Amino acid sequence: MLNANTLPYRTLWHQAWRLIPVALGVAIATTVLVGALLIGDSLRSSLKARSDLQLNGVESVYLGSRFIQYDTAKAVSADMIPAIVLQGSLSVKSAKGEEE
């Protein structure tokens, strides 16, 4: 007999063949999104650690066309260490005359 108490259960039983694939799709999509978030967070932290290692404690940089004086750098911050960083490359010729 159909009444207010049994109607939801009978409807659920009747529509189960439609609801199961939807529930599986939601479960798979949730798993993929959570996995992507975890991998993204892990990747972000490993890239941050690598960049911090390469920077070796450098927190800020002045990139200008002119040098600044030591006193000016110390006036900005007592922790500031002025430095000149140049880019370069090195090539060495082996005994056979080939560049390495």
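These numbers were taken from a predicted model, which means no experiment stands behind them.

Parameters at a glance
Residues numbered from 1 in each chain as written. Predicted model: local features only at pLDDT ≥ 70, side-chain atom pairs only at ≥ 80, totals over all residues. Heavy atoms only, no water. Helix = DSSP H or I, 4+ residues; strand = E, 2+ residues; numbered from the N terminus. Rg over C-alpha atoms; globule rule 2.2 N^0.38 Å. Buried < 20%, exposed > 50% of the residue type's maximum accessible area, 1.4 Å probe, protein only. Areas by Shrake-Rupley, 256 points an atom, 1.4 Å probe, with all protein chains shown as cover. Expected span 1.5 Å × (residues − 1). Patch = residues over 30% accessible without salt bridge, like charges linked within 9 Å, V, L, I, M, F, W, Y side chains within 5 Å. Salt bridge = Lys/Arg side-chain N within 4 Å of Asp/Glu carboxyl O.

1. Overview of the overall build of the chain
Secondary structure assignment for the chain yields 3 helices and 0 strands. Put simply, the chain runs from its N terminus to its C terminus through helices and strands in the order α-α-α. Computed over C-alpha atoms, the radius of gyration of the chain comes to 32 Å, more than 25% over the 13 Å expected from 2.2 N^0.38 for 100 residues, which places it beyond the range of a compact globule. By residue count, 1% of the 100 residues in the chain fall in the buried class. Of the roughly 10100 Å² of accessible surface on the chain, a fraction of 63% belongs to carbon and sulfur atoms.

2. Quick look at helix α2 (residues 16–55)
For α2, with 40 residues, the first-to-last C-alpha span of 58 Å sits near the 58 Å given by 1.5 Å per residue. Residue N56 follows α2 closely and has a positive phi angle near 55°.

3. A few points about a nonpolar patch on the surface
A surface patch of nonpolar side chains, about 430 Å² in accessible area, is lined by L55, V58, V61 and L63. Tracing the backbone shows V61 in the loop between α2 and α3 (70–76). What makes V61 exposed here is its relative accessible area of 60%.

4. Here we look at the pattern of salt bridges
Inspection of the entire model under this criterion finds 2 salt bridges. One salt bridge in this structure joins D41 and R44, with 3.9 Å as the shortest N-O distance. A residue pair is termed a helical-turn pair when its members lie 3 or 4 positions apart in one helix, as D41 and R44 do in helix α2 at 3 residues. Residue D41 is classed as partly exposed on the basis of its relative accessible area, which comes to 47%.

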